[in-house]
Amino acid sequence: MLATKGYAAFDPNTPLAPFNFQRRDVGPHDVLLEIQFCGVCHSDLHTAKGEWAGTNFPVVPGHEIVGRVMRVGNHVQNFKEGDLAGVGCMVDSCQSCPSCSDGYEQYCENGFTGTYNSPEKGMDTPTYGGYSNQIVVNEKFVLKIREDQELARVAPLLCAGITTYSPLRHWKVGQGHKVGVVGLGGLGHMAVKLAASMGAEVTVLSTSPSKEADAQSLGAHKFVVTKDENALKQVRGYFDFIINTVSAKVSLDMYAGLLRRDGTMILLGVPPEAPELHAGTLIFGRRSIAGSLIGGIAETQEMLDYCAEHNILSDIEVINMSQINTAYDRMLAGDVKYRFVIDMSTLENGHS
C-alpha cells in the first residue's frame, strides 16, 4: 500500500482538513500519478457537504487531476515515467456492457467507478480523489496531456471541458447553428469557448447584466439578460441548441420557448428540485429536452487534443490547499472566474 496525504471532509458540517490514507500498490495495468494540480468542481462541494445522497465520510474530493507519471505497471503500454497525464471523473467501469463497449463508460450499465466516493474495485475502501499528493489508476482511465500547455488551466478540462464538449459533438454543433448558453460559471464559460470555436453563433443567457463584458471576452457573440422581457422576446424561437449548465432551480419552460422548431435544450446541471415544464412548449414546435453526462475516455482524449490544437484552456484562479474551505464559500457566492484550481505542491503545508 502507498501512504498518501490529502484533504478530506470528515462530515457535512466541519471544514475540510488534512487526512492520511492508503492507496493501493501499482498493479500490472496501473499508473501512479504525482498530482500537481486539481480543479475544484461544484460536485466536490455537493459531495463534501452531503447534499447528494450516499456520501461516505471521510471523503477526499477532486476529479480534475493533472500531474506527472511516477511509476507504471509492467503491462502498461501507453504511459511511461515522466509523462504528463490526467485523470477525470472516472477511474473504472465494468468495461463489458454495451455502453462501455461503445466507448461510453460514463453510461456504464453496471455503474462506473467515480474518482472519489465510489466503491473501489477489489478493496474495502471508497475511492479517494485528487485533493491528494498521488493517485493510482488503471491506464485505460488515464489521459495524455501535451507538454506545451499551462498545466493548471488544463485541469478543469477533465470535467468542465468534457461535460460541455461531449454534447456539442454529439449534436454536431457547428457553422450556422445558433447556441444559447445558460449560466456563465465553470461549465458555462467552457461551453462558450468550445461552441464558438466550432463555428456556432453563441449567446449567453444570464440574469446578471454585469457578465456581458466577460461573455464577450470568452467568445460570445450576443448577450441576453433573461430578466429583461423585451430582450427575451427578441430570441423566442431563435436557438437551435441551448446548453443549460445551471444547477439552481430554473424554469425550463421559459428557456424551451427560446428554441426554434426541432431545437434541443441539453441539461448539464442537476437542480435539487424537479423543473417546471409545460408539455405544450415542447409539442408546439417539436422541441426536445435532453441530458448529457461528462464523456467517455476516448472522447475525453479527443477533447484534450482539440483544446490543445485550438489553444482552449479554462479561466482559473489558483489556490493553496489550505484555502479550500474559503474557496467553497466563494463558489457558493458565485465569486470565482471561473474555476478554482489547487496547487498540490502546497499540500504539505499544514500536513503532519
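What you are looking at is a predicted structure, and each value in this text was computed from that prediction instead of being measured.

We now examine the nonpolar core. Within the largest apolar cluster, 92 residues are counted, with the highest numbers of intra-cluster contacts made by Y131, I324 and Y328. Contact partners of I324, with chain neighbours within four places excluded, come to Y7, L16, V40, Y131, I319 and I342. In this structure, V224, V235, I242 and M265 belong to the second largest nonpolar core, which totals 17 residues.

One pass over the structure, following the stated rule, counts 2 cavities of 30 Å³ or more. Taken as a whole, the largest cavity holds about 80 Å³ of empty space. What lines the largest cavity is G88, C89, M90, F141, L143, L158, I162, I294, G295, I297 and T300. Residues that form the lining of the largest cavity fall into these classes: 8 nonpolar, 3 polar and no charged. In this structure, the second largest cavity occupies an estimated 50 Å³ of space. Taken together, K144, I145, R146, Q149, V154, L157, Q301, L304 and D305 make up the lining of the second largest cavity. With 3 residues, helix α10 (residues 297–309) is the single largest residue contributor to the lining of the second largest cavity.

Here we come to a nonpolar patch on the surface. Nonpolar side chains collect at one region of the surface, where Y104, Y107 and L293 lie side by side and expose about 280 Å² of accessible area between them. Within the element layout of this structure, Y107 appears in the loop between α2 (98–101) and β7 (113–114). Owing to a relative accessible area of 36%, Y107 belongs among the partly exposed residues under this scheme.

Here we take up the packing of helix α4 (residues 160–170) against α10. Across the interface, α4 lies against α10 with an axial gap of 10 Å and an inter-helix angle of 100°. Considering their axes alone, α4 and α10 lie roughly perpendicular with respect to each other. On α10, the residues touching G161, I162, Y165, S166 and R169 of α4 are E299, T300, E302, M303 and Y306. Looking at the contact of α4 with α10 residue by residue, the classes come out as 4 nonpolar, 3 polar and 3 charged.

Analysis parameters
Residues numbered from 1 in each chain as written. Predicted model: local features only at pLDDT ≥ 70, side-chain atom pairs only at ≥ 80, totals over all residues. Heavy atoms only, no water. Core = buried A, V, L, I, M, F, W, Y, C linked by side-chain atoms within 4.5 Å. Buried < 20%, exposed > 50% of the residue type's maximum accessible area, 1.4 Å probe, protein only. Contact = heavy atoms within 4.5 Å. 1 Å grid on protein atoms, 1.4 Å probe; cavity = no way out; pocket = protein on both sides within 12 Å on 5 of 7 lines; lining within 4 Å. Points joined across faces, edges and corners; volume = space filled by probe spheres on them. Nonpolar A, V, L, I, M, F, W, Y, C, P; charged D, E, K, R; others polar. Helix = DSSP H or I, 4+ residues; strand = E, 2+ residues; numbered from the N terminus. Patch = residues over 30% accessible without salt bridge, like charges linked within 9 Å, V, L, I, M, F, W, Y side chains within 5 Å. Areas by Shrake-Rupley, 256 points an atom, 1.4 Å probe, with all protein chains shown as cover. Salt bridge = Lys/Arg side-chain N within 4 Å of Asp/Glu carboxyl O. Axes fitted to C-alpha atoms, helices over the stretch in contact; angles between N-to-C directions. Parallel < 35°, antiparallel > 145°, perpendicular 65-115°, else oblique.

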